[in-house]
Amino acid sequence: MKTEVRTACSFLATILRRSTKVNDRRVEDFSTKMEELLCERYRHHWHPQNPLLGSGFRCIRINHTMDPIVAAAARAAGFSYEQLKSFPEELTLWVDPNEVCFRIGENGSICDIDENVLNDLKPRKEPANTKSKIRSAAEKRSKESMLHASRDMILVSC
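Presented here is an overview of the structure given in this document. All values reported here derive from a predicted model rather than from experimental measurement.

1. Digging into the nonpolar core
Link 1 in the chain: Core analysis: the largest hydrophobic core is formed by 32 residues, its most contacted members being Leu12, Phe30, Met34, Phe79, Phe87 and Leu93.
Link 2 in the chain: Broken down by element, this core gets its largest block of residues, eight residues, from helix H1 (residues 2–19).

If you want it as structure tokens, here you go:
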């Protein structure tokens, strides 16, 4: 259970870390408190022999209102309500034995969370001398966008 809970907490902490201007210590405090609260909540609702049993109970849901456990962990870590708006308006997170999944939006795809997903969410540090590379990459994307836009216009006009 601890592995799955830790994965879910890392996912939520990564979203906070990427979208808010708070120090890493507060994000770690959030993650630690969230892990503590989830382990306590799931203690009698964890069934490795039947992983789907209790899945709804273990679901973390942000649906235009904050999930109470996320809100409690955030309050304990000193996050403001405004900072919690960095989470998607609709986020569902399922924490089940051997699997942690998420969905953004009501009709979004369900995705497994593993190390690859967590690594993809981490911000990349850029070397100081990459300004010109970034500028040329942006120019290239701009040209590609123009090409795609003209192709789309051709497709639409046919």
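2. Let's talk about helix H3 (residues 68–77)
Link 1 in the chain: Three or more residues of H3 are buried, namely Ile69, Val70, Ala71, Ala73, Ala74 and Ala77.
Link 2 in the chain: The inward-facing, buried residues of H3 contact H1, helix H2 (24–42), strand S1 (60–63) and helix H4 (81–84).
Link 3 in the chain: For H3, the N-terminal capping position is held by Asp67, with its side-chain oxygen 3.0 Å away from the main-chain nitrogen of Ile69.
Link 4 in the chain: Backbone geometry just after H3 places Gly78 at a positive phi near 85°.

3. Some details on the packing of aromatic side chains
One pair of aromatic rings is described through two measures. These are the centre distance and the angle between the planes.
Link 1 in the chain: All chains considered together, the criterion is met by three aromatic pairs.
Link 2 in the chain: Ring geometry for Phe11 against Phe102: centres 4.7 Å apart, planes inclined by 35°, an arrangement best described as tilted. One end of the pair, Phe11, is in helix H1; the other, Phe102, is in strand S3 (residues 99–104), with 91 residues separating them in the sequence. A single burial state applies to Phe11 and to Phe102, both of which are buried.
Link 3 in the chain: A ring pair is formed by Phe30 and Phe79, whose centres lie 6.1 Å apart and whose planes are at 80°; its orientation type is edge-to-face. Separated by 49 residues along the polypeptide, Phe30 in helix H2 and Phe79 in the loop between H3 and H4 bring together distant segments of the chain. Each member of the pair Phe30 and Phe79 is classed as buried.
Link 4 in the chain: Directly above the ring of Phe79 sits Arg26, whose terminal nitrogen or CZ lies 4.9 Å from the centroid.
Link 5 in the chain: In this structure, Arg41 is placed above the aromatic ring of Phe57, and the distance from its NZ or CZ to the ring centre is 4.0 Å.

The rules behind each value
All residue numbers refer to positions counted from 1 along the written sequence of the respective chain. Residues qualify for local features only when their pLDDT is at least 70, as the model is predicted, and side-chain atom pairs are given and counted only at 80 or more; totals for whole chains, interfaces and linings, by contrast, use all residues. Hydrogens and water are ignored here; the side-chain numbers use all heavy atoms of the structure. Among the buried residues, those of types Ala, Val, Leu, Ile, Met, Phe, Trp, Tyr and Cys that are joined through side-chain atoms within 4.5 Å form a nonpolar core. For each residue, the accessible area found with a 1.4 Å probe, counting protein chains only, is set against the maximum for its type, and the residue is called buried under 20%, exposed over 50%, and partly exposed in between. Every helix listed is a DSSP run of H or I at least four residues long, and every strand listed is a run of E at least two residues long, numbered separately from the N terminus. It only takes one pair of heavy atoms within 4.5 Å for two residues to be counted as in contact. Each polar contact in these results corresponds to two N or O atoms within 3.5 Å; when the atoms are within protein, one needs to be able to donate a hydrogen and the other to accept it, and residues that are neighboring in sequence are counted only if both atoms are side-chain atoms. To pair, rings of Phe, Tyr and Trp, with the six-membered ring standing in for Trp, must have centres within 6.5 Å; the planes then decide the type, stacked if under 30 degrees apart, edge-to-face if over 60, and tilted in the middle. The criterion is that NZ of a Lys, or CZ of an Arg, lies within 6 Å of the ring centre and within 35 degrees of the ring normal, and then a charge sits over that ring.

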